[in-house]
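Tertiary structure, described
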Amino acid sequence: MASQRYKIKVEYGVSATVLLVGIFFIFQAFTIETSRESVGPRTLPMILAISLVLGGLWLGLRAMLGKTGDMTEGYGFLESDTKRIFLVVACGALFVTVFWGFGYFLAVIVTLFAMLITFGVRNWIAMIISAILLAVVFQWVFMGVMLLNDPQGAIVDMRPYTNWITGAK
Amino acid sequence: MQNQCAGVEAFFESLGFLSIFFDISCGFTILFNDQYALIFVVLAAFVGIVFGALPGLTASAAIAMMLPILIAYNDDIGGLAGLAFLYVIGKSGRYGGSIAAILFNTPGTAASAATMQDGYPMTQNGQAGKALKTATVASAYGDYFGEIVLIFGAVSIAAFTRQFGPPENFAIYLMAFVVIGSVVSDSIIKGIVSTLFGAVVGLIGEDIITGQFKMTMGIDELESGMALVPLLIGVFVISEVIIQAEKAAKVKAIEIAQDKVDDPSAHYFTWPEFKRCFPLMFRSSIYGSLIGMMPGLGSSVACFVAYGEEKRRSKNKDQWGTGIVEGIAAPESANNAVSGPSMIPLLTLGIPGSTIAAVLIGMFLVNGLQPGPSIFAHEPPLFMGGQLISPREFIFGIFAAGLIGIACYALIGYFAAPYIGRVIAILPTQYLYPFIFMTALAASYSSRASIWDVGFALLFGVIGYAMRRTNFSAAAFIIAFVLTSSMEEAFRQSMIISDKGFLVFTSFEYQGKFSYAPIFLLIGAAVIIFRAWSTYRSRKPQEH
């Protein structure tokens, strides 16, 4: 019974999220300029966004009537480790930030280091070696071989120190 | 540098249905003339097995991470190599899932969930070798069956669907949305919401007719639309890394029971066992092929249908679940028989029946081919890998790659599956998943060399995680995302050309020809009503 109550609570949250997403896309659809045709660029986005809102309402109604079905294994966030979810997302954000400030090479080193800590690794030597090794391999594969753009860091330009890996001048 | 099969083509064309044999021989000629394609087929067989066997990771995750590299090197390696790689990885990934199911009691992919029921008890009984070899033989059997269905089925259906106009195409897309949305998830409404969400995200970017930017939220990077790679990586890879990070604190070393040394048959799938399982694998392959042809229904459904049906037919029902070869042969032949036929909706209607098929659309477009019935045309010729070939020959080259790929993964699996399993068992997950996470971020960046795409991958990683926790369907989301711009194009073309307004979709006549559009809409409506009715019936006894 408690699990059923929990499921209904989660389903209310799901319904609210779907509703908000639908409303967000309705607003977005209103930013599309209309054309003279009866069916223009705004038509389908608007239909889909309204359908999302209706879907959200339906989910809410289901939750209100208690017809959400049985709680299955793995459903919901009871077993979720919020701290670890946050840490993984933070590692991704760290990658984006360091990439912006210092470029690709350092972003790979710092992010892998942080991810290893997130996964509970505490062997510092192994962490440092694997982070540097992976950064060198990625720099060579993506920038050297695939010739991807290696943008200058906004704070420090690390490229003069990494160009030997890619062969760039 | 000439058409490989020119000259005798006209003669075989006159043979009608038999011309398929000529086409497939052409496919093999093209494949064997393309060294990169052959190498990539073997590589895909191996990579797919490894990714499938890694608990939590799937062929879709492997494809998501490999896709930017394949696109970047498409011109160097030739289109056939890239597409063959993705196609074969889908097959070997499905098979690879059985290794984890049998050895670790964890399905490597959802498609192997039913295999666990008899596979793991066999491992506990010291018969892991027999279980793995049974899975290998059954998977290859089902896959070859499905491939034959694909080759003969797709060509025949494409000849019929080639005549469809925009209203029929729109009706087909709408039907696919409804069918996929209603069958892909436990809850119809959640499946449909997943589809709607994918569709609305797929409409972000430049308008196909007016060229204006839609719903870009002022972000320049979204003017060309949301890229598929970060979306795939977010939904399939980053969400999985989050789940693995949660488990990191609870990771236990996996122990694999040793095979019985005093019983040589414990290592092999014997000839009498094969003969006993042959009819069962045949029936299971039929179930798998039929399920594979329906968009949205995949291997995870096929394996349970086959397992349940064969158990029901069996004279020794009580032995099922205790570790018998039939309990592995049925689900494995069914889940791999899905692979080929799941391409039929893509190649005949332009609708991807699975996530892998959805990704293949991107690779087809990169190579200048529009998935759909016109893909079986003889014109215009394409220049690929130093060869001038027709789209039809190219497709048969992919079919040939599939046939060779099955043999490759079967050979690798038959001889090396126990070793692959043992290596995976000792892999330190606390290093593996951070490495996968980094590869995912790098692959997201490399799709368009934009840091925004890394951000989108993270965003959809969190969304994908929440979708998994609340029973929404990631597959429906991705398929809808890929399909939606073609759907919009068909919708607006129909409205521009016709003077009947929305009635063009319900009319049996379009530009003086019979229109199948209302039939497709009725099929979509029938599927959703049937699903709603069966859900209602299944819940009813519980309420009393």
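Residues numbered from 1 in each chain as written. Chains lettered and ligands numbered in written order. Predicted model: local features only at pLDDT ≥ 70, side-chain atom pairs only at ≥ 80, totals over all residues.

**Brief notes about the overall build of chain B**
The condition that has to hold: Secondary structure elements are taken from DSSP: a helix is a run of H or I of four residues or more, a strand is a run of E of two residues or more, and numbering for both begins at the N terminus. Residues with at least 20 neighbouring C-beta atoms inside 10 Å of their own are called buried, those with 12 or fewer are called exposed, and the rest are partly exposed, where every C-beta is derived from the backbone. Here, residue contact means that the backbone-derived C-beta atoms of the two residues sit within 7 Å.
Secondary structure summary: chain B contains 21 helices and 6 strands in total. Projected onto its principal axes, the C-alpha positions of chain B cover 75 × 55 × 55 Å. Burial statistics for chain B: of 544 residues in total, 60% are counted as buried. Sequence separation of at least 24 residues holds for 77% of the intrachain contacts in chain B that already meet a minimum separation of 6.

**Some details on the domain arrangement of chain A**
Interfaces are often described in size by the accessible area the parts lose on coming together. What counts, and what does not: Domain delimitation follows an automatic or database domain assignment.
By domain assignment, chain A separates into domain 1 (2-65) and domain 2 (82-166). Distance between the C-alpha centres of domain 1 of chain A and domain 2 of chain A: 38 Å.

**A short note on the environment of S51(A)**
Residue and element names in this part refer to chain A. Secondary-structure assignment places S51 in helix α2 (residues 43-65). Looking at S51, the number of C-beta atoms within 10 Å reads 18, which means it is partly exposed. For S51 and L19, which are 32 residues apart along the polypeptide, the C-alpha to C-alpha distance reads 9.8 Å.

**Re the packing of helix α4 (residues 59-72) of chain B against helix α16 (residues 355-366) of chain B**
Residue and element names in this part refer to chain B. Our working rule: To obtain an axis, a line is fitted to C-alpha atoms, over the contacting stretch when the element is a helix, and the angle between two such axes runs from 0 to 180 degrees between their N-to-C directions. Should an angle fall under 35 degrees it is taken as roughly parallel, and over 145 as roughly antiparallel, whereas 65 to 115 is taken as roughly perpendicular and any remaining angle as oblique. Classification used: nonpolar for Ala, Val, Leu, Ile, Met, Phe, Trp, Tyr, Cys and Pro, charged for Asp, Glu, Lys and Arg, polar for all others including Gly.
For the pair α4 and α16, interaxial distance at closest approach is 10 Å and the crossing angle is 10 degrees. Taken as axis vectors, α4 and α16 run roughly parallel relative to one another. From α4, A59, S60, I63, L67, L70 and I71 reach across to α16, where they touch T355, I356, V359, M363 and V366. The class makeup of the residues in the contact of α4 with α16 is 9 nonpolar, 2 polar and no charged.

**A word on the interface of chain B and chain A**
Listed per partner, the contact involves 48 residues of chain B and 56 residues of chain A. When residues of the side of chain B that touches chain A are traced back to their parent elements, those giving at least two are α4, α10 (188-202), α11 (228-247), α18 (429-448), α19 (451-469) and α20 (474-497) of chain B. The greatest single-element share of the side of chain B that touches chain A, amounting to 10 residues, is contributed by α18(B). Classifying every residue of the side of chain B that touches chain A gives 33 nonpolar, 9 polar and 6 charged.

**Quick notes on the environment of F27(A)**
Topologically, F27(A) is positioned in helix α1 (residues 2-30). Between the C-alpha atoms of F27(A) and E79(A), which are 52 residues apart in sequence, the distance is 35 Å.

**A short note on unusual backbone geometry**
Residue and element names in this part refer to chain B. Non-glycine residue M217 carries a positive phi angle of around 60 degrees. Relative to the elements of secondary structure, M217 occurs in the loop between β2 (213-214) and α11. Classification of M217 as exposed rests on a count of 10 C-beta atoms within 10 Å. Here A449, not a glycine, exhibits a phi torsion of approximately 50 degrees, which is positive. Within the secondary structure, A449 sits in the loop between α18 and α19. When the 16 C-beta atoms within 10 Å are taken as the criterion, A449 is described as partly exposed.

**Focus on the nonpolar core**
The line we're drawing: When buried Ala, Val, Leu, Ile, Met, Phe, Trp, Tyr and Cys residues are joined through C-beta atoms within 7 Å, the set is termed a nonpolar core.
Membership of the largest hydrophobic core comes to 230 residues, with the highest contact counts inside it found for A84(B), I233(B), L360(B) and I478(B). Element by element, the count of residues in this core is highest for helix α17 (residues 391-426) of chain B, at 17 residues. When residues of this core are assigned to domains, at least three map to each of domain 1 (2-65) and domain 2 (82-166) of chain A. I233(B) has contacts with A64(B), M65(B), I238(B), A440(B), A443(B), S444(B) and A457(B), leaving out every residue within four places of it along the chain.

**Some remarks on α18(B)**
Residue and element names in this part refer to chain B. As a reminder, the rule being used: By this rule the span expected of a helix is its residue count minus one, scaled by 1.5 Å.
In this model α18 runs 30 Å from its N-terminal to its C-terminal C-alpha over 20 residues, within 8% of the 28 Å that 1.5 Å per residue would give. Of all 20 residues in α18, 14 are buried, a share of seventy percent or more. At the exit of α18 stands A449, carrying a positive phi of roughly 50 degrees.

**Quick look at the packing of helix α7 (residues 116-124) of chain B against helix α8 (residues 128-161) of chain B**
All names here are of chain B. It is the contact of α7 with α8, at a shortest axis distance of 7 Å, that shows an interaxial angle of 150 degrees. Taken together, the axis directions place α7 and α8 in an arrangement best described as roughly antiparallel. Contact with α7, carried on its side by G119, M122 and T123, involves A128, K130, A131 and A135 of α8 and no other residues of that element. Looking at side-chain class alone, the contact of α7 with α8 contains 4 nonpolar, 2 polar and 1 charged residues.

**Quick notes on α11(B)**
Residue and element names in this part refer to chain B. The cut-off we apply is this: Two axes enter the definition of the bend at a residue: one is fitted to the seven residues ending there, the other to the seven starting there, and the bend is the angle between them.
For α11, with 20 residues, the first-to-last C-alpha span of 28 Å sits near the 28 Å given by 1.5 Å per residue. G234 marks the point of greatest bend in α11, at about 40 degrees. Counting buried positions over the 20 residues of α11 gives 17, a clear majority of the element.

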